[in-house]
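A look at the structure
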Amino acid sequence: MKKEIGSEFWTGCSPLGTHGCEWPHTQDWLVRETLSGRVALEFIVEKLSLEGVFSVYMPSYCCHTMIEPFLKHDVKVSFYDVVPTTSGLKRQFDPNHGCDVVFLFDYFGFVDAVTFAIAKEQHAKGKLVIYDATHAIYSLINCDDCDYVFGSYRKWMDVNCGFVAVKGNADIDFGADWHQYNAYTEMRTRMFDLKARYMNDEVVDKQQFLAWINEAEEMLEQDYHHTLPDQRSLDVLRQTDYSFLVQSRRHNASILMKGIADLKDERVRCLVGKMGTYDTPLFVPIYVQAEHRDELRHYLIKHNIYCPVHWPLCYLHHISNAANEVYQGELSLLCDQRYDHFDMYRIVETIKEYLEK
């Protein structure tokens, strides 16, 4: 087995179990699967725009795929700052923002109680609340005061699947034009299979599955309207061992968080506070002084550790200098179910080696 850490998932990298990994908080919610989280969000925005929604208040720290569906449907986007502090990410939320919709998000699976206090307060004011559960699908969340929840499973395992959930008896009518995107899902399946062979030390051209990753993402960028997941993804989602996924991520994250804290180096710190009892981390985000972040990332790559950055800043982000700070320093450490404690110690030791150079 290759000793690479990170990048895309591959076929069979999540163990099978009897309790599947669908969004577990389904009581009182009507849930439907989509091809991705962005497809789910677009469905919500389409619905709201037809109901006369014209503006949304959303976090400055977000992916362009969260912004684009609103702009596509002529919904004005205003941002509230999310800034890094020594005790974690903090929102600078104006309760009197004046927008029709509030968009809330918990980062990396570390749930902030303030999130749902805001939802409750805003809901009481008559605002519609959308919660993006992508990073917190397997954490304990309280969506009682949210109107819509959506998310993406693609970040958690080898699937092409997201979901949308509507509260109460509201209908989710996808309509006759919803369809499977076979060209995209077939390419992704080939990529999953080829990477599995590569990770099992077969003679495989790594550049081939890397090219398929990029080509598939370009396809999704250009055409994602009203698309459904493939059956293979639904099968993987429903057969993946939920307990193993949660336990392994929590165990791995605890090692990384302690390891980073023990470095006692002002250039690197955890970007989140402590892990809550019911948190299931997607990644362990660290904050690296801006002048060192890219250099550290490249050092990790040289040692076959591929850590993503969340997220690239783009032209859709119209945010303050303070909000821009997190984009310059964030680096996401892998803690998922593909890896064990030895891999986590290896990540920490490689960061330590960089700092001691």
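Residues numbered from 1 in each chain as written. Predicted model: local features only at pLDDT ≥ 70, side-chain atom pairs only at ≥ 80, totals over all residues. Heavy atoms only, no water.

A complete count under the given rule lists 24 aromatic pairs for this structure. By the ring-pair criterion, three or more aromatic residues cluster together here, those being Tyr61, Phe105, Tyr107, Phe108, Trp311 and Tyr327. The side chain of Lys72 reaches across the aromatic face of Tyr224, ending 4.8 Å from its centre. Over the aromatic face of Phe9 sits the side chain of Arg338, whose NZ or CZ is 4.0 Å from the ring centroid. (Phe/Tyr/Trp six-rings, centres within 6.5 Å; stacked < 30°, edge-to-face > 60°. Lys NZ or Arg CZ within 6 Å of the ring centre and 35° of its normal.)

Let us look at the side chain of Asn252. Take Asn252: it is sitting in helix H7 (residues 242-263). A polar side-chain atom of Asn252 sits 3.0 Å from the main-chain carbonyl oxygen of Tyr339. Non-local contacts of Asn252, meaning those with residues more than four positions away in its chain, are made with Cys335, Asp336, Tyr339, Asp340, His341 and Met344. (Helix = DSSP H or I, 4+ residues; strand = E, 2+ residues; numbered from the N terminus. Polar contact = N/O pair within 3.5 Å; in protein donor to acceptor, adjacent residues only side chain to side chain. Contact = heavy atoms within 4.5 Å.)

Along the polypeptide, Arg267 turns up in the loop between H7 and strand S12 (268-270). You can call Arg267 partly exposed: its relative accessible area is 22%. Arg267 sits 181 residues away from Thr86 along the chain, and the two C-alpha atoms are 12 Å apart. In contact with Arg267, not counting residues within four places along its chain, are Tyr287, Val288, Gln289, His292 and Leu355. At a separation of 2.8 Å, a polar atom in the side chain of Arg267 contacts the side chain of Asp265. Within the structure, the side chain of Arg267 is placed 2.9 Å from the backbone oxygen of Leu355, a separation counted as a polar contact. (Buried < 20%, exposed > 50% of the residue type's maximum accessible area, 1.4 Å probe, protein only.)

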